[in-house]
Each structure stands twice: as C-alpha cells, then as structure tokens.
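The primary structure of each chain is shown beneath.
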Amino acid sequence: MCGIVGYIGQNQATDILLYGLEKLEYRGYDSAGIALMNDENIHLFKVKGRIEALRERINHRIHATTGIGHTRWATHGAPSGVNAHPHQSPSGRYTLVHNGVIENYQALKRDYLIETVSDTDTEIVVQLVEKLNDTYADTVKAFREAMRLLKGSYAIAMIDSEDPDTLYVAKNKSPLLIGLGDGFNVVASDAMATLQETDQYVEIADGEIVLVQRDRIDIQTLDGTPVQRAPYTAEIDLSDIEKGTYSHFMLKEIDEQPIVMRNIMNAYQNDHDELSLDPAIRSAMTACDRIYIIACGTSYHAGLVGKSLLEKLAHIPVEVHVASEFSYNMPLLSEKPLFIFISQSGETADSRAVLVKVKEMGHHALTITNVPGSTLSREADHTLHLHAGPEIAVASTKAYTAQIAVLAILAVDTANEKGIELDFNPMQELAIVANAMEVLTDQKPTFERLVNAYLPTSRNAFFIGRSADYYVSLEAALKLKEISYIQAEGFAGGELKHGTIALIEDGTPVIALATQKDVNGAIRGNVQEVAARGANTMVISMKGLDEADDAFVLPEVHELLTPLVSVVPMQLIAYYAALYRGCDVDKPRNLAKSVTVE
Ligand code: M6R
C-alpha cells in the first residue's frame, strides 16, 4: 500500500527521496510524487505509474534540502496525476502526503465547506490544516487539531512553505518511523526506505505528532504533552533488501528458504538443544481450550497447515479464519480461546481489525510475524518472530514456509509442556526439510521445463490435493494467479466431481500433489478422472508413493512437514509461468505487499 518518505537536512533531498520511494515500491503502488522545498518555494512533481516516470519528470536542477515523497495505491479516486500525493492546500502553503483511510472525510468536507480538486480523502486533511490555521494562526496547533478531527488510519508528513525547518508528522494505525542522522532526520513508512542514511530509528505511537527538524525531533501527544522515546537500531542488512545477482526478489526469496529454516532452528533452540520459547507463550498455549488462527492470503494458507500441526501434535482444537470474514461474522467462541494472528508484514488491516475486537473482548492474542515492531506485534500480548529476513516480492514465499516451521515448533513445544509423548523431533526434521529445499531450488531448469510442457498458453489451471496437499494446492493456485494472471484454483481432490470437473476439457492443466500415504490412492484416482476427460495432468509426489510415471518426485521429509517442500516446486512453477508471460514478477498488477486498508 502507500509509502511515505521525508527528509530534512543539508544534502540534496531529491535523490534521497527517490531512492526511498524505490525501496518502498515492494508495497505496491500506482502513482507517485514528491514535493521539494527550497526557501519558501515548493516544487511539486506527480505522475501516474512508476517511479522511473517520476524521476524523468523531476527538474533535477532544483536544490532542496527538505522534501516529502509518496507512492500511492488508490483507494479513494482512480490512479491519476491529480489524485497522486502530495496534495496542497488552496493557498499552496501546506503540502502533505498520507497513507491510510480517513473514514470521516465526507463529514469533514461538508462541515468545513471544503472544495477539492482531487477525489481523494487526503486532500481534505491538508485543506483542514489551512482552515484551522486561519483560526489559530499557529501551524502546530492547526496540525494537532486537524489530527484530532480525523477518524480512521493515517501516517502523515507535511511541509509548510513558511517554515522550511520543520516536517510535520502524525500517525494513527498506519506505519511510520523517524530515522535519526547527524545533521539530518528522515521519515519513512519502513526503515528499508532510509537504511542508506541511518540505522537509528524512533517509533511513533498512534495518536502522536512529531515536529521533525534537521537536528532534533519533538514528539507530542494530540493534547500537546511531550513524549520521550529512545531510538533503536534497525537490524536489517542493506544486502537483505538488494537483489544482488538475482533478476527478481521472488527467486532470491525462494532460494533463501533453506537458510530461513536454519535461522528458525537457531532462534528457537537453546545451547542444550532444547526448544526455547517465551514462558508466557507456553502458559497461553496450555491454558487455552481452543485456538483461533486469523490471517489473510498466503498467511491463511499457512494457518491451515498450522491447524493440522497443532491438532495432531499438541491436541488442541483449532479453527482457521480469513480475517476479513471473521471481523463481521464471528463464530461462537469457546470458553478460553487463544487467538493466533499470522502475518508476514504485521500490518494487515483486516487482521488488525480482528485483533482490536478480540482485545476489547479481553482475549489473549499471539502474533506470528516477520516484522517484530509491527502493529500486530505491538498490539498482541505475545510475538513469535519468523526470522525470514525482509520479504520484498509481493508474492509471499519464504514467509509462508517460515510460518509453517514456527507453527511446527510451537506445536511441539506445547505438546512437551502438556507431557504428550511425541515421536517427532522438530529440529531434526527441519534440518532434513532445509536440505530437501536445497535439492529443489537446485533443479530450477526442471520446473522451467514443466511450465513449458504444462502451462505455456493456458488460460486456466487447477491444483488438486487431499489433506495437507489440499492446503498447498490453495497456496499453489494463489501464487500462480497473483503473478502470472492465469486463472487458477486449488481444490480438494474429492470435491472436483461435485461440480468443478465440468470445467475440465482437452488440454486443461491439472497439477496434483501426492505426498500423503493415506490419500495417495484416492488422489491418483482423481487424476485418472480428469485425465479421462482430456486434462493435461502432472503429478508431483513424495518419494516412495508409486512415483513411476510422476512428473517430479520430491525428496522425502516427515509427512507432517511435506507442505514445506511440496510448495517449493509450486512457487517455481508460478515464477517461470509469470516470466514466460512477460509479467512483472515482483510487482504484480493491482497488488500491494502490505495491505493496510480493510
Ligand atoms: O502480511 P500478511 O501476511 O498479513 O499478508 C497477507 C496477504 O495479503 C498476503 O499473504 C498475500 O496474499 C500475498 N501477496 C500472497 O503472496
């Protein structure tokens, strides 16, 4: 979703802002803009489309040491130059960028008699500041009052042409950080945008404003009370957010999965090779009578695998819910529920809406995320970190496998706490998984060939499986459709004949997963059913399961952990299908990495 970057210092702001916006591209956007301030002049550049187009539009001769930049993912108003941020007040004095949704913008527009040139909710905010300043003749007061009037989510950075020494910043429910430098300060939606400048960051809490100057920051609450907060060091390596020799982040992130498995093993094991989890998480897990997993997209698919692991290993009943549905259609809860939120970004608005609700109801919540300081992490009672390193490609890969690995560790740890005897050593099994993943990522040409044989010009594709393989089929279909735009569906093998088999015709690609002993015969029966109706079938199976005619045989891993390896060919198939079709693999159309609107 939208990204914000701001700079105030002594250096040329243009390059710093453009670099920052490029680092925020992964969040997804459809237009971009920057405002540069020199003396009392504000120079505005906005385009529909990519940052490259913005770079070309900018007059690079303008010398400015203060500026704000924005990437927009349209919510209110179509993607266009007019709707792109920054937006300006009618006199041109105030210029502002915003990430989030102002829920009461229509009421404010009516009450303050605001006429806008754009269709955005954001323009109301900058006009409101100007109207309030007409009353108070004090920008800080006007800014604070405007923030008090807003309902909804916002991260905001604003400049005032009459005060070139201050960036006005505010936050509520949308991510925003202040980066501290020597003789300069920066503002960013994500530390990745400004890591080249500094690794020292200060968090802003919801309902705070910050006056950012080149050599100081002044944090205040909305009633003007000063706030002191110590900075922290962002532990992201610049190389983690560069592609290096890879042509796409997605491929790099697929290849990183074995390392991520090993990172997780190190993180959740003490020097005596025992599982080491926060004792408070252990208590929450053993005290609950039912777990409710809440997530979206790929994280939801990881949650489905997590359900099997938690039920089979820790003997706790688990329900898995899509966050956006749970919010408005809450099931009858058990007496002692525990909520587990799974989110790569930790910022997903649909999941956060559920978290806010269940916290209000007094329930306990654990977040499993790749971003420890994220909103879902801060607002839950406990956090388990994925240790996957930054995931930049919009299509989630290494976060999915990390989520399953962490859920497996959590399930075993809970079983240990409950005294359940297990014939399953998670660290040993994850080590085997890491090796198997390496074997798979070394065979990229094979998957490229399979794509050419099965999916060259297809309009659609079906993935089928049973039990754990069904869950991976859902993820395989999501991966393929989001980056290659092939219409793909994941189905439980047995469910096909109840309707969907009507879609099978000559040449329809059907990819079946067969990694589970109990249902091996049944899924192969389903493959025969669709083959008999003309489907172009491919079976990807686990070693030892009648593999003679299968297109690909996976290295053997523990049956509970097969999703960790069977998903890798699916990720690579999606990748090569998207490449073959000339799609923008890392930044697929219409999608955002971090979905911060409901
Ligand atoms: O950051 P989250 O894990 O909460 O994001 C949830 C989904 O938006 C995300 O998994 C999405 O489905 C991915 N693009 C899938 O690749």
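Residues numbered from 1 in each chain as written. Predicted model: local features only at pLDDT ≥ 70, side-chain atom pairs only at ≥ 80, totals over all residues. Heavy atoms only, no water.

A. Local environment of the overall build of the protein. A tally of regular secondary structure across the protein gives 18 helices and 25 strands. Computed over its C-alpha atoms, the radius of gyration of the protein comes to 25 Å, within 12% of the 25 Å expected for a compact globule of 598 residues. Taken along its principal axes, the extent of the C-alpha atoms in the protein is 80 × 55 × 45 Å. Across the 598 residues that make up the protein, the buried fraction comes to 61%. (Helix = DSSP H or I, 4+ residues; strand = E, 2+ residues; numbered from the N terminus. Rg over C-alpha atoms; globule rule 2.2 N^0.38 Å. Buried < 20%, exposed > 50% of the residue type's maximum accessible area, 1.4 Å probe, protein only.)

B. Quick peek at the pattern of salt bridges. This structure, assessed with the given rule, holds 29 salt bridges. Its salt-bridge partner being R214, residue D165 comes within 3.3 Å of it at the nearest N-O pair. Of the two residues, D165 is situated in strand β8 (residues 163-172) and R214 in the loop between β12 (208-212) and β13 (217-221); the sequence distance between them amounts to 49 residues. Via salt bridges that share partners, K171, D206, R352 and E379 belong to a single interconnected network. (Salt bridge = Lys/Arg side-chain N within 4 Å of Asp/Glu carboxyl O.)

C. Just the domain arrangement of the protein, in detail. One can read the domain layout of the protein as domain 1 (3-238), domain 2 (247-441) and domain 3 (443-583). Relative to domain 2, the C-alpha centre of domain 1 lies at a distance of 34 Å. Facing 8 residues of domain 1, the contacting portion of domain 2 comprises 9 residues. Counting the surface lost from both domain 1 and domain 2, the interface buries some 700 Å², and carbon and sulfur atoms represent 57% of this. (Domains from an automatic or database assignment. Contact = heavy atoms within 4.5 Å. Buried area = accessible area lost by both parts, 1.4 Å probe.)

D. Examining the sheet that holds strand β16 (residues 290-295) more closely. Overall, parallel pairing links the 5 strands, which are arranged β17-β16-β18-β19-β20 in an open sheet. Where the open sheet ends on each side, the last strands, each with one partner, are β17 (318-322) and β20 (382-385). Each neighbouring strand pair of the sheet contributes to a mean axis angle of 20°, computed without reference to strand direction. Sheet topology places strand β19 (residues 364-369) next to β20; 4 bridges connect them, and they run parallel. Bridge assignment links T367 to a residue of β20, and that residue is T383. Here helix α8 (residues 279-287) sits on the sheet and contacts β16, β18 (337-343), β19 and β20; the angle it forms with β20, its principal contact strand, is near 110°. Contacting β18, β19 and β20, helix α13 (residues 398-417) crosses the sheet at an angle of about 155° to β18. (Pairing = 2+ DSSP bridges. Axes fitted to C-alpha atoms, helices over the stretch in contact; angles between N-to-C directions.)

E. Structural context of α8. What α8 keeps buried is the set I281, R282, A284 and M285. End-on, the buried residues of α8 take up no more than an arc of 165°, which puts them together on one face. Against the buried residues of α8 lie β16, α9 (297-314), β18, β19, β20 and α13. The N-capping residue of α8, defined by a side-chain oxygen 2.9 Å from the backbone nitrogen of A280, is D278. (Arc of directions from axis to C-beta. Polar contact = N/O pair within 3.5 Å; in protein donor to acceptor, adjacent residues only side chain to side chain.)

F. Inspection of the pairing of β17 at higher detail. With 4 of its 5 residues buried, β17 lies for the most part within the structure. Of the pairings in the sheet, the one linking β16 to β17 comprises 5 bridges and is parallel in character. The residue bridging Y292 from the neighbouring strand is E319, located in β17. Where the polypeptide runs from β16 across α9 and back to β17, its parallel neighbour, the crossover connection is right-handed. (Right-handed = clockwise from strand over helix to strand, strands pointing away.)

G. Molecular detail of unusual backbone geometry. Of note, the amide linkage connecting H85 to P86 takes the cis form, showing an omega dihedral of 0°. One non-glycine residue, D546, lies in positive phi territory at about 45°. At N590, a position not held by glycine, the phi torsion is positive, near 65°. Within the secondary structure, N590 is located in the segment after α18 (562-580). N590 sits in the exposed class, given a relative accessible area of 64%.

H. Spatial organisation of the site of the ligand. S299, S343, S345, T348 and E482 are the nearest of the 15 residues found near the ligand. Contacts to the ligand include T298, whose backbone N or O atom sits 3.1 Å from an oxygen atom. At the level of elements, α9 and α16 (468-484) are the ones that each hand at least two residues to the shell around the ligand. A breakdown of the residues in the shell around the ligand according to their chemical character gives 5 nonpolar, 8 polar and 2 charged. Counting residues domain by domain, the shell around the ligand receives three or more from each of domain 2 (247-441) and domain 3 (443-583). (Near = heavy atom within 4 Å. Nonpolar A, V, L, I, M, F, W, Y, C, P; charged D, E, K, R; others polar.)

I. Fine view of the side chain of S377. Inspection of the secondary structure puts S377 in helix α12 (residues 375-379). Every residue in contact with S377, bar those within four places of it in the chain, is listed here: T367, T369, V371, P372 and T383.

J. Up close: the environment of A393. As for its placement among the helices and strands, A393 is situated in the loop between β20 and α13. Residue A393 is classed as buried on the basis of its relative accessible area of 0%. Once the C-alpha coordinates of A393 and L440 are considered, the two residues, 47 residues apart in sequence, prove to be 20 Å apart. With near-sequence residues (within four places) excluded, A393 lies in contact with F249, M250, E253, D586 and K593.

K. Expanded view of the packing of aromatic side chains. Counting across every chain of the model gives 10 aromatic pairs. Ring geometry for Y292 against F339: centres 5.2 Å apart, planes inclined by 25°, an arrangement best described as stacked. You can see Y292 sitting in strand β16 and its partner F339 sitting in strand β18, a full 47 residues away along the chain. On the accessibility criterion, Y292 (0% relative accessible area) is buried. Ring plane angle 40° and centroid distance 6.2 Å describe the contact between F462 and F491, whose orientation is recorded as tilted. Pair noted here: F462 is in strand β21 (residues 460-465) and F491 is in strand β22 (residues 487-492), with a separation of 29 residues, a long-range link. With relative accessibility at 3%, the residue F462 sits in the buried group. (Phe/Tyr/Trp six-rings, centres within 6.5 Å; stacked < 30°, edge-to-face > 60°.)

L. Examining the packing of helix α15 (residues 444-454) against α18 more closely. Interaxial distance between α15 and α18 falls to 9 Å at its minimum, and their mutual angle equals 60°. Viewed along their axes, α15 and α18 adopt a mutual orientation that is oblique. As for how α15 packs across α18, the hand of that crossing is right-handed. On the side of α15, the interface is formed by K444, F447, E448, V451 and N452, while α18 contributes P569, L572, I573, Y576, A577 and Y580. Along the lines of polarity and charge, the residues of the contact of α15 with α18 split into 8 nonpolar, 1 polar and 2 charged. (Parallel < 35°, antiparallel > 145°, perpendicular 65-115°, else oblique. Left-handed = near helix turned anticlockwise from the far one by under 90°.)

M. Local environment of α15. Among the residues of α15, K444, T446, F447, L450, V451 and Y454 are the ones counted as buried. The arc that holds the buried residues of α15, viewed along the axis, is 160°, so those residues lie on one side. In this fold, the buried residues of α15 make contact with α6 (249-255), α14 (426-441), β23 (509-514), β24 (536-542), β25 (552-554) and α18.

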